[in-house]
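Notes for the structure review
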Amino acid sequence: MSERELVRRLRKGDKESFDKLFELYYELCYNYAASLLEERAAREDVLQNVFFKLWCARKRLDPSRPLKNYLMRSVRNEAVSFLRLKFNSARSGELPDMADDSQDVMRWLQYLDTDSQMSAIVESMPEQRRRVFELSRKEGLPTKEIARRLGLSPRTVERHISLALRDLRNCLS
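Definitions and limits used
Residues numbered from 1 in each chain as written. Predicted model: local features only at pLDDT ≥ 70, side-chain atom pairs only at ≥ 80, totals over all residues. Heavy atoms only, no water. Core = buried A, V, L, I, M, F, W, Y, C linked by side-chain atoms within 4.5 Å. Buried < 20%, exposed > 50% of the residue type's maximum accessible area, 1.4 Å probe, protein only. Helix = DSSP H or I, 4+ residues; strand = E, 2+ residues; numbered from the N terminus. Contact = heavy atoms within 4.5 Å. Salt bridge = Lys/Arg side-chain N within 4 Å of Asp/Glu carboxyl O. Phe/Tyr/Trp six-rings, centres within 6.5 Å; stacked < 30°, edge-to-face > 60°. Lys NZ or Arg CZ within 6 Å of the ring centre and 35° of its normal. Expected span 1.5 Å × (residues − 1). Bend = angle between axes of the 7 residues up to and from the residue.

1. Notes on the nonpolar core
- Grouped together as the largest cluster of nonpolar side chains are 24 residues, with contacts concentrated most on Cys29, Leu54, Leu67 and Leu71.
- Elements with a minimum of two residues in this core: α1 (3-11), α2 (15-36), α3 (40-56) and α4 (67-91).
- Sorting elements by how many residues they give to this core places α2 first, with 7 residues.
- Sequence-distant contacts of Leu71, defined by excluding residues within four places in its chain, comprise Tyr25, Cys29, Val50, Phe51 and Leu54.
- Grouped together as the second largest cluster of nonpolar side chains are 8 residues, Leu135, Ile146, Ala147 and Val157 included.

Set out below in structure tokens:
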């Protein structure tokens with residue numbers, strides 16, 4: 001069964017589809033969490049939260065969009081939340097050994113927070129603008145190639161990119 005079909009069934013509350021998606025993506029999510037978090041218990045907590053939230057948000061999932069992207073973003077967001085909590089605990093004196101690395105942790109959290117905000121802004125863009133922006137910035141395609149792929153004029157592509165950058169600037173400032 002395809003991922004799209006599994007997501008469609010998950011949206012309707014099908015527990016078997018959830019179990020299959022869990023089996024399909026758990027290891028990938030765990031490995032990503034391991035790259036962000038040293039503690040095994042923290043990784044497991046993060047994944048528990050991610051899959052719990054997946055179940056809770058199942059009705060809002062878009063079967064036409066890759067679930068992998070949603071899950072990776074969710075793992076990152078949960079890891080950032082965990083690290084933020086850990087950092088705040090360190091600042092209050094509960095975990096003194098974290099204090100030495102506080103500047104590095106803060107820079108890393110700021111980067112992840114900005115990256116997360118940018119992803120959310122891009123996700124909220126109108127479909128065509130988002131597609132143009134992703135082809136331009138994530139895949140590095142030139143304007144003419146984007147225009148050819150999407151059946152748009154190069155000027156329209158440039159306008160979408162300009163509007164996407166404006167959206168990002170406005171939301172991040």
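2. A closer look at the pattern of salt bridges
- Going through the model one piece at a time under the given rule, you end up with 14 salt bridges.
- Of the charged contacts in the structure, one is a salt bridge between Arg155 and Glu158, with a shortest N-O distance of 3.8 Å. With Arg155 and Glu158 both in helix α8 (residues 154-172) and 3 residues apart, this pair spans about one turn of that helix.
- On the basis of relative accessible area, Glu158 is assigned to the partly exposed category, the value being 40%.
- Within this structure, Arg65, Arg73 and Glu123 form a network of salt bridges that share partners.

3. Notes on the side chain of His160
- When you line up the elements, His160 lands in helix α8.
- The class of His160 is buried, set by a relative accessible area of 17%.
- Discounting residues that sit within four places of it in the chain, His160 has contacts with Gln128, Arg129, Val132 and Leu152.

4. Some points on the packing of aromatic side chains
- On inspection of all chains with the given rule, the structure shows 6 aromatic pairs.
- With a centroid separation of 6.4 Å and an interplanar angle of 85 degrees, the aromatic rings of Phe18 and Phe51 are classed as edge-to-face. Placement of the pair is Phe18 in helix α2 and Phe51 in helix α3, with a sequence separation of 33 residues.
- Ring geometry for Phe22 against Phe51: centres 4.8 Å apart, planes inclined by 65 degrees, an arrangement best described as edge-to-face. Residue Phe22 is located in helix α2, and its partner Phe51 is located in helix α3; the two are separated by 29 residues in the primary sequence.
- Judged by its relative accessible area of 4%, Phe51 falls in the buried class.
- Here the aromatic residues Phe18, Phe22, Tyr26, Tyr30, Phe51 and Trp55 are joined through ring pairs into a cluster of three or more.
- The aromatic ring of Trp55 is capped on one face by Arg58, whose charged end is 4.0 Å from the ring centroid.

5. Looking at α2
- Between its first and last C-alpha atoms α2 spans 29 Å; for 22 residues at 1.5 Å apiece the expected length is 32 Å, and the two agree.
- Roughly 45 degrees is the biggest bend found in α2, and it falls at Tyr25.
- Those residues of α2 that sit buried are Ser17, Phe18, Leu21, Tyr25, Cys29, Tyr30, Ala33 and Leu36.

Interpretation note: all reported values are geometric properties and have no functional meaning in isolation.
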